[in-house]
Amino acid sequence: MKIIGTGSAIAEKVVTNDMLAEFLDTSDEWITQRTGIKSRHVISHEELEDLGVKAATAALEMSGLQAADIDFLICSNVMNEYITPNLGSIIAWKMGMRCPSIDVNAACPGFIYALDIAENRWLAGKAKNILIVCAEEPTRMCDWKDRSTSVLFGDGAGAVVLTGGDNIKGTKLAAQPAPDKIWERRTLEPTPFITKAEMNVPMQMKGRDVFRFAVGASTTEVEALLKEIGMTKDQVSYYMIHQANLRIIDAIKNYLGEPERKFPVNLSDHGNSSSASCPILLDECNRKGMFKPGDILVFSAFGAGLLSGAAVVEW
Ligand code: COA
């Protein structure tokens, strides 16, 4: 497939590190040094699906296609207020679309999982034009009394429209299942038959383990994927790395031995917006006119699962 439109939408409310330091035992200095994040956008009055619709509408407008031209919608999302229907159906309904949709919950690498599914559906002849919307609200998953997680996240949506083409050069999905590294549990409605003890636990994360996993998975997958498709690092124009932490991105850059100019970042004023982070970064760079036809973009993302993935896309 080929990406012919990008869009993004972020929550209005900006929360700075200083604002967090008013109710958490933290400081702008600590958060900036350990993560590179200065502020983040946090959902307050908005509905997540409306951010998804806004991002998707912007991507559609850029693509020149109409909503009716889309024949499959993939929505990447970890948590939203609806258990059912899927968030994709809600976004499709609000946009007047009638195509089938699926939600993918692959945490932060969700955009890459969605690209992989889109490419394979297209290769199977099942769809011509596909819309991917990554809409995430991780700030609703954290314990806002836990300074080790709540300072990291921000909310938003990113979208791309894909049509037939030979521009997705390769995708690689990977996993090192370890659900104890990032997890959260919600107590469901009891039935008359439930006898087991259930727990309501906000997001838990083993930060150092996740950091090590992120750097190892990203560098391994980027190098393996480039080798698999017969490309070299000097052909890569940009590395679009999941915007979790500047220190993670720096470590990946240093390991790959690639120059800083190839690593666009926007996390200082977004924080980690889970699977929305890659398509938001893509849209921001695209709208600044950074990409020219033929540029090679390498996406790499990692997160809960532990899941990770990489994709090579020719612009
Ligand atoms: N402000 C001030 N101090 C904080 C803090 C905060 N926001 N968060 C944690 N600390 C404290 C800890 O309590 C600990 O204190 P102690 O030494 O008295 O016990 C100290 O800072 C060091 O904590 P540690 O967790 O070892 O710090 P770290 O250098 O590993 O940085 C992360 C913590 C979370 C920033 C880092 O591990 C990280 O970014 N990991 C990856 C997380 C991530 O990106 N997850 C999403 C991936 S999709």
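A quick note: this is a predicted structure, and the numbers were derived from the prediction, not measured.

*Asks:* I'd like to hear about the nonpolar core, residue by residue, with values.
*Replies:* Counting residues in each nonpolar core, the largest one holds 39 residues, and the members touching the most others are Tyr239, Ile252, Val298 and Phe302. Among the secondary structure elements, those contributing two or more residues to this core are helix H7 (207–228), strand S11 (238–241), helix H8 (246–256), strand S12 (296–303) and strand S13 (307–314). A per-element tally of this core places H7 first, with 8 residues. Each of domain 1 (2–165) and domain 2 (171–314) accounts for three or more of the residues forming this core. Each residue touching Val298, except ones within four places of it in the same chain, is listed here: Val222, Leu226, Val236, Tyr238, Tyr239, Met240, Ala311 and Val312. Judged by nonpolar contacts, the second largest core, of 34 residues, contains Ile3, Ala114, Cys285 and Ala301.

*Asks:* I'd like a rundown of the side chain of Glu49, residues and numbers included.
*Replies:* For Glu49, the location among the structural elements is in helix H3 (residues 48–63). One buried charge, Glu49, has no salt-bridge partner; the nearest side chain with opposite charge is Lys94, at 4.4 Å.

*Asks:* Account for helix H9 (residues 277–287), with residues named and values stated.
*Replies:* Since the α-helix advances by 3.6 residues per turn, residues separated by three or four positions end up pointing in the same direction. Along H9, 9 of the 11 residues are buried, which leaves the element largely enclosed by surrounding structure. Three or more residues of H9 are buried, namely Ser277, Cys278, Pro279, Ile280, Leu281, Leu282, Asp283, Cys285 and Asn286. Gly289, located one to two residues past H9, shows a positive phi value of around 80°.

*Asks:* Break down the pattern of salt bridges for me, citing the residues and quoting the values.
*Replies:* Applying the stated criterion across every chain yields a total of 19 salt bridges. Across the pair Asp180 and Lys206 runs a salt bridge whose closest N-O atoms are separated by 3.2 Å. A residue pair is termed long-range when its members are at least 10 positions apart, and Asp180 in the loop between strand S8 (168–175) and strand S9 (182–185) and Lys206 in the loop between strand S10 (201–205) and H7 qualify at 26 residues. Residue Asp180 is classed as partly exposed on the basis of its relative accessible area of 37%. A network of salt bridges, in which partner residues are shared, links Asp166, Lys169 and Glu314.

*Asks:* Could you give me a rundown of unusual backbone geometry, with the residues and numbers involved?
*Replies:* The general pattern is negative phi for most residues beyond glycine and trans for most peptide bonds. Following Thr84, the chain continues to Pro85 via a peptide bond in cis, the omega torsion being 5°. By secondary structure assignment, the location of Pro85 is in the loop between strand S4 (72–76) and helix H4 (87–94). Between Gly305 and Leu306 the backbone carries a cis peptide bond, its omega angle lying at -5°. Structurally, the position occupied by Leu306 is in the loop between S12 and S13. Phi is positive for Ala107, which is not a glycine, with a value near 55°.

Criteria and cut-off values
All residue numbers refer to position in the chain's written sequence, counted from 1. This being a predicted model, a pLDDT of at least 70 is required before a residue's local features are given, and a value of 80 or more before pairs of side-chain atoms are given or counted; all residues contribute to the totals for chains, interfaces and linings. Excluding hydrogens and water, the side-chain figures rest on all heavy atoms present in the structure. The nonpolar core is taken to be a set of buried Ala, Val, Leu, Ile, Met, Phe, Trp, Tyr and Cys residues, with the residues joined through side-chain atoms within 4.5 Å. Classification of residues uses two cut-offs on accessible area relative to the type maximum, computed with a 1.4 Å probe and protein chains only: under 20% is buried, over 50% is exposed, and between them is partly exposed. Numbering of helices and strands runs from the N terminus, with a helix taken as a DSSP run of H or I at least four residues long and a strand as a DSSP run of E at least two residues long. Segmentation of the chain into domains, including their bounds, is taken from an automatic or database domain assignment. Any two residues having at least one pair of non-hydrogen atoms within 4.5 Å are treated as being in contact. The positive count covers Lys and Arg only, the negative count covers Asp and Glu only, and His and the chain ends enter neither. Salt bridge, as applied in this entry: a Lys or Arg side-chain nitrogen positioned within 4 Å of an Asp or Glu carboxyl oxygen.

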